[in-house]
Protein chains: 2
Amino acid sequence: MVYTSLENKKIKELRKLKQRKYRDKTNHFLIDGKHLVEEAYQTGCLDTIILLEENQDVVSYSDVEVMVVTKEIMKVLSDVETPPNIMGVCHKPELSTGQNKILLLDGVQDPGNLGTIIRSAVAFHVDMIYVGKNSVDVYNSKVIRSSQGMIFKVPIQVVALEEIIPELKKLDIPILGTKVTGGNRLKSFPKLEKFAIIMGNEGNGVRPEILDLCDQYLYIDMKEDCESLNVAVATSIILYELDK
Amino acid sequence: MVYTSLENKKIKELRKLKQRKYRDKTNHFLIDGKHLVEEAYQTGCLDTIILLEENQDVVSYSDVEVMVVTKEIMKVLSDVETPPNIMGVCHKPELSTGQNKILLLDGVQDPGNLGTIIRSAVAFHVDMIYVGKNSVDVYNSKVIRSSQGMIFKVPIQVVALEEIIPELKKLDIPILGTKVTGGNRLKSFPKLEKFAIIMGNEGNGVRPEILDLCDQYLYIDMKEDCESLNVAVATSIILYELDK
């Protein structure tokens, strides 16, 4: 059977997943392309494969429902300019949370930045990401694409940062923030067994009331007439340097 | 006088600058927003300011022509979703070229990545960027925005990399590339007075025939099941680490 109508009830439900509120409500989200589908399957998050009717690749995973759709439907479900041959419907992963190397994000707005940060976080052994409620949705399709599937490899929780930070302090995890005045040079920053680093919004950085909760501050050395780095770059450099 | 017609000859010429071939032909390009206009003015690249007719800010620079336009025209000239109050027309900067810390880019395609790389290059004291002809246009408006104006602070030349690399070798500048097998760990890589590092395309990296021209190779340590980093992130980490 091939789904051909945009008015089909099931297709209509899938289309709703393009909006954050339905992703939040159902705990499901869409992914594009073979690479992400494979990553999702390996993590056990893949519920449904959506295949283009003229798709040549034979894709078959046990326990995963297959839906075959027309090009028109694929185009509507995907955000990619050239719609993929394959998409997937996933449930949000539940990975075992670590509490050694933690990243907190306060209001990151650009989906490309958030995805890139998640990708780097996995590369540099972060074992838990707390995303503030004021950030872009983690399950936005551009975030997922930019993460290159790494979204399935690190536990991510959406939280109120002002509530989680005191909990981390109780566990004796040092809370790190970035600040030039009164901060320590990243290059000579001591290696820590455990830490939680807070990074912030593209334009405004970390909110002052959150930054005040930090135990230590660090900064990245750079040329004087350069005001700042892209937030995904700054986060990645810090995680790279703190990674043993 | 307010420009009101999209058919005006001058407005039509400005519209052409949204295409690479006209930017290449005229050596001029458009920029959006006050911050970029200020940066361009400081570098002496700003030829014309384009102001929205109801713009409240008084902007005046000596020796810079001012054009006042309608919202409709601003919308057509700008690529930004919410058109800015101010734009600028610039000529391509001619900055004095350095030959100590050099970045070569082979086929970087995403304008956001190229802009972010330029921003980081300035932060970490790169004094010359050679962009391969197979890369996205440096004067694409998204590249300029992502560079946060840093495009005016480092000399950039579009070249055939296979021609420039032998020239750099004659100057005894070590050519560095990235390679995991047979490469050196970036963390323990010696600091160099002079270097030229080559970074590549988002999906395919540096072309093999270019990579073969390198004198030394390095790699960034990362978790095993993470295949790679975003190219802007990888470039920034390497430049950060090589920066004395």
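Higher on the page you've got the structure.
An account of the accompanying structure is given in this report. If you're wondering where the values come from, they're calculated on a predicted model, not measured in any experiment.

Parameters at a glance
- Residues numbered from 1 in each chain as written.
- Chains lettered and ligands numbered in written order.
- Predicted model: local features only at pLDDT ≥ 70, side-chain atom pairs only at ≥ 80, totals over all residues.
- Heavy atoms only, no water.
- Pairing = 2+ DSSP bridges.
- Helix = DSSP H or I, 4+ residues; strand = E, 2+ residues; numbered from the N terminus.
- Contact = heavy atoms within 4.5 Å.
- Axes fitted to C-alpha atoms, helices over the stretch in contact; angles between N-to-C directions.
- Buried < 20%, exposed > 50% of the residue type's maximum accessible area, 1.4 Å probe, protein only.
- Arc of directions from axis to C-beta.

Some details on the sheet that holds strand β9 (residues 175–178) of chain A
Sheets are built from strands that pair by backbone hydrogen bonding, the pairs being arranged parallel or antiparallel. Residues and elements named next belong to chain A. The sheet built from seven strands is open, its strands ordered β8-β7-β6-β11-β9-β12-β10 with parallel pairing. With one partner strand each, in any of the chains shown, β8 (156–159) and β10 (184–185) form the two edges of the open sheet. Here strand β7 (residues 128–132) pairs with β8 via four bridges, running parallel. In the strand pairing of β8, I129 is matched with I156. Across the sheet, helix α5 (residues 111–123) is in contact with β6 (101–106), β7 and β8; its angle to β6 comes to roughly 170°. Docked against the sheet, helix α9 (residues 231–242) engages β6, β9, β11 (195–200) and β12 (216–219), running at close to 165° with respect to β11.

Points about the side chain of S135 of chain A
In this fold, S135 of chain A is placed in the loop between β7 and α6 (141–146). Once you skip the residues sitting within four places of it in the chain, S135 of chain A turns out to touch R20, L105, D106, G107, V108 and Q109 of chain A.

Observations regarding helix α7 (residues 161–170) of chain B
Because an α-helix completes one turn every 3.6 residues, residues spaced three or four positions apart along the sequence face the same direction. All names here are of chain B. For α7, the set of buried residues is L161, I164, I165 and L168. Viewed end-on, α7 has its buried residues packed into an arc of 105°, placing them on one side of the element. Of the residues in α7, the exposed ones pointing more than 90 degrees away from the buried face are E163 and K170. Positive phi shows up at D172, right after α7, with a value of about 60°.

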